[in-house]
Amino acid sequence: MYLPTLPRTGSSATTPRSRRPIRPLHALTSYPPLRPERNSTGNAPASLPSHRRRTRRTVPAVEMIDLCKHFGTLRAVDHLSLCVEPGEIFGLLGPNGSGKTTIINMLSGLSVPTSGQVHVLGYDVRRNARQVRHLLGAVPQETALKDARVNTFSGGMKRRLAIGRALLHNPQLMYLDEPTLGVDVQARWAIWDYLLTLREQGKTVLLTTNYLEEAQALCDRLAILDHGQLIAVDTPAHLRQVYGARVIELETSTMSMAIKELRKVAGVKEVRQKGVRLKITTEGTDNLLPRLINIVSRDGPLRDITVREPTLDDIFLRLTGTSLRD
Ligand SMILES: Nc1ncnc2c1ncn2[C@@H]1O[C@H](COP(=O)(O)OP(=O)(O)OP(=O)(O)O)[C@@H](O)[C@H]1O
Ligand SMILES: [Mg+2]
């Protein structure tokens, strides 16, 4: 059983400050040191299948083509086509049961697609299982570590251990299924920091998550999934820009009659009302708040004001018309 010693990986100064999550230094970190990449570009290895070498300049790290997985009548993954580029951190976001783990299992070769194709760094996952295993490190959703000592570890420590173990053969590509589910804040920061370090090493990271915050902190691009279908794929910045950069929630003492007027305010993207609660999605213009408060408080005094970043639930609601969590 491999247990990591606790060297610091050292956060490289090359990552732009804005991309790095803020975390206390003592949250760092308990992984084995990263070994230098054989391929400094982080692109596909030199030994690509010859048909790929000839026909493409950059081979996607992961390529899904019209991928489907059915369990009886359930379409767990429904005609999914998606590319993950080499060297990026790519996030699969979706609610429980949206098909994230099923996708990861097909990408790892653990589950056979009902139809469609999966290529990893140019290799067909089913036909070239051995090569794919060599290129790939996977941290499954349920971290099963059968060791008496490890069983006493916290969830965060088990997670970090599983990540360290998945990296032992220095894979080009990492899959992490819900890497920070059920871990405390410090372990979450340490894991984020480590994944950013992997990207600096040129590795490709594909992770699944329920947390938009996590996706925003880490991912170069995100795919939003629902019922096994791709709803949107974009950079976090563009998703936030398109689907509202800030959410203002106002609680009134009586039901507000100001909705129409609020919707006309420049910078307001959407207004929803549920009883005495108003949810206003804005483009993130800071000076909107006094104006909105002014309009709403004409009907009576406000009971509560909350200003927050949009959650995945807000974005999901806009995209699907239904709420992400129940
Ligand atoms: N082996 C299986 N047999 C039958 N149905 C399955 C099987 N595996 C998954 N499913 C169903 O497929 C759908 C997608 O499940 P999946 O585990 O991929 O979702 P998920 O997005 O990973 O969810 P979570 O966020 O809870 O991990 C669910 O409805 C699930 O019940
Ligand atoms: Mg899952």
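Residues numbered from 1 in each chain as written. Chains lettered and ligands numbered in written order. Predicted model: local features only at pLDDT ≥ 70, side-chain atom pairs only at ≥ 80, totals over all residues.

1. Re the overall build of the protein chain
At step 1: If you tally the helices and strands in the protein chain, you get 11 helices and 14 strands.
At step 2: Counting across all 326 residues of the protein chain, residues that qualify as buried make up 38%.
At step 3: Relative to all contacts within the protein chain whose residues are 6 or more apart in sequence, the contacts with residues 24 or more apart total 70%. (Helix = DSSP H or I, 4+ residues; strand = E, 2+ residues; numbered from the N terminus. Buried ≥ 20, exposed ≤ 12 C-beta atoms within 10 Å, placed from the backbone. Contact = placed C-beta atoms within 7 Å.)

2. Let's talk about the site of ligand 1
At step 1: In the region of ligand 1, 13 residues are neighbours, and Phe71, Ala76, Asn96, Thr101 and Thr102 sit closest.
At step 2: By residue number, the principal contributor to the shell around ligand 1 is helix α2 (residues 100-108), which donates 3 residues.
At step 3: Among the residues making up the shell around ligand 1, the classes are represented as 3 nonpolar, 9 polar and 1 charged. (Near = placed C-beta within 6 Å. Nonpolar A, V, L, I, M, F, W, Y, C, P; charged D, E, K, R; others polar.)

3. Overview of the nonpolar core
At step 1: Membership of the largest hydrophobic core comes to 60 residues, with the highest contact counts inside it found for Leu93, Leu107, Val120, Tyr175, Leu195 and Val205.
At step 2: No other element matches helix α6 (residues 185-200), which puts 8 residues into this core.
At step 3: Counting residues in each nonpolar core, the second largest holds 10 residues, with Ile248, Val271, Ile280 and Val296 among its members. (Core = buried A, V, L, I, M, F, W, Y, C linked by C-beta atoms within 7 Å.)

4. Here's the deal with the pairing of strand β12 (residues 268-274)
At step 1: Inspection of the sheet shows β12 paired to strand β13 (residues 277-282) by 6 bridges, in the antiparallel sense. Residue pairing across strands places valine 268 opposite threonine 282, the latter belonging to β13.
At step 2: Here β12 folds back onto β13 in antiparallel fashion, the turn holding 2 residues, of which glycine 275 has a positive phi close to 60°. (Pairing = 2+ DSSP bridges.)

5. A word on the sheet that holds strand β3 (residues 89-93)
At step 1: Strand order in the open sheet formed by 6 strands is β6-β7-β8-β3-β9-β10, with mixed pairing between adjacent strands. This sheet does not close on itself; its edge strands, each paired only once, are β6 (136-139) and β10 (229-234). Within this sheet the neighbouring strands show an average axis-to-axis angle of 15°, counted without direction.
At step 2: Relative to the sheet, α2 contacts β3, β6, β7 (173-177), β8 (204-209) and β9 (221-226), its axis offset from that of β7 by approximately 150°.
At step 3: Seen against the sheet, helix α5 (residues 155-166) touches β6 and β7 and runs at an angle of roughly 165° to β6. (Axes fitted to C-alpha atoms, helices over the stretch in contact; angles between N-to-C directions.)

6. A look at the sheet that holds strand β14 (residues 302-308)
At step 1: With antiparallel pairing, the 4 strands of this open sheet are ordered in space as β12-β13-β11-β14. Unpaired on one side and paired on the other, β12 and β14 mark the two borders of the sheet. Strand-to-strand, the axes of this sheet are offset by a mean angle of 15°, without reference to chain direction.

7. Focus on the confidence of the model for the protein chain
At step 1: Of the residues in the protein chain, 77% reach a pLDDT of 70 or more, and the chain-wide mean stands at 80.
At step 2: Residue range residues 1-49 is modelled with pLDDT below 50. Its contacts to residues more than four positions away, or to other chains, number 76 contacts.
At step 3: In the model, residues 51-55 has pLDDT below 50 throughout and makes 3 contacts with residues more than four positions away in sequence or in other chains. (pLDDT = per-residue confidence, 0-100.)

8. Some remarks on the packing of α5 against α6
At step 1: Contact geometry for α5 and α6: axes closest at 9 Å, N-to-C directions at 15°. Relative to α6, the element α5 is oriented roughly parallel. For α5 against α6, the interelement crossing comes out left-handed. Of the residues in α6, those touching α5 at Gly156, Arg159, Arg160 and Ile163 are Ala187, Ala190, Ile191 and Tyr194.
At step 2: Partitioning the contact of α5 with α6 into residue classes produces 5 nonpolar, 1 polar and 2 charged. (Parallel < 35°, antiparallel > 145°, perpendicular 65-115°, else oblique. Left-handed = near helix turned anticlockwise from the far one by under 90°.)

9. Side note on the environment of histidine 238
At step 1: In this fold, histidine 238 is placed in helix α8 (residues 236-243).
At step 2: In the structure, histidine 238 is positioned 17 residues away from arginine 221 in sequence and 9.5 Å away in space, judged by C-alpha atoms.

10. Overview of the environment of threonine 281
At step 1: If you trace the backbone, threonine 281 turns up in strand β13.
At step 2: Sequence separation of threonine 281 and valine 271 is 10 residues, and the distance between their C-alpha atoms is 6.4 Å.

11. Focus: unusual backbone geometry
At step 1: A positive phi angle is found at histidine 79, which is not glycine, with a value near 55°.
At step 2: Structurally, the position occupied by histidine 79 is in strand β2 (residues 74-84).
At step 3: Unlike most non-glycine residues, leucine 121 shows phi in positive territory, near 45°.
At step 4: Tracing the backbone shows leucine 121 in the loop between β4 (115-120) and β5 (123-124).
At step 5: Accessibility expressed as a C-beta count within 10 Å gives 25 for leucine 121, which makes it buried.

12. A word on the pairing of β3
At step 1: Of all the 5 residues making up β3, 5 are buried; the element is thus mostly covered by neighbouring parts of the structure.
At step 2: Burial of the side chains of β3 extends over both faces: Ile89, Gly91 and Leu93 are buried on one face and Phe90 and Leu92 on the other.
At step 3: With 5 bridges joining them, β3 and β8 adopt parallel strand pairing. By the bridge assignment for β8, isoleucine 89 is matched with valine 205.

13. Details of the environment of methionine 157
At step 1: With respect to the helices, strands and loops of the structure, methionine 157 is situated in helix α5.
At step 2: It is 7.4 Å that separates the C-alpha atoms of methionine 157 and alanine 187, two residues lying 30 residues apart in sequence.

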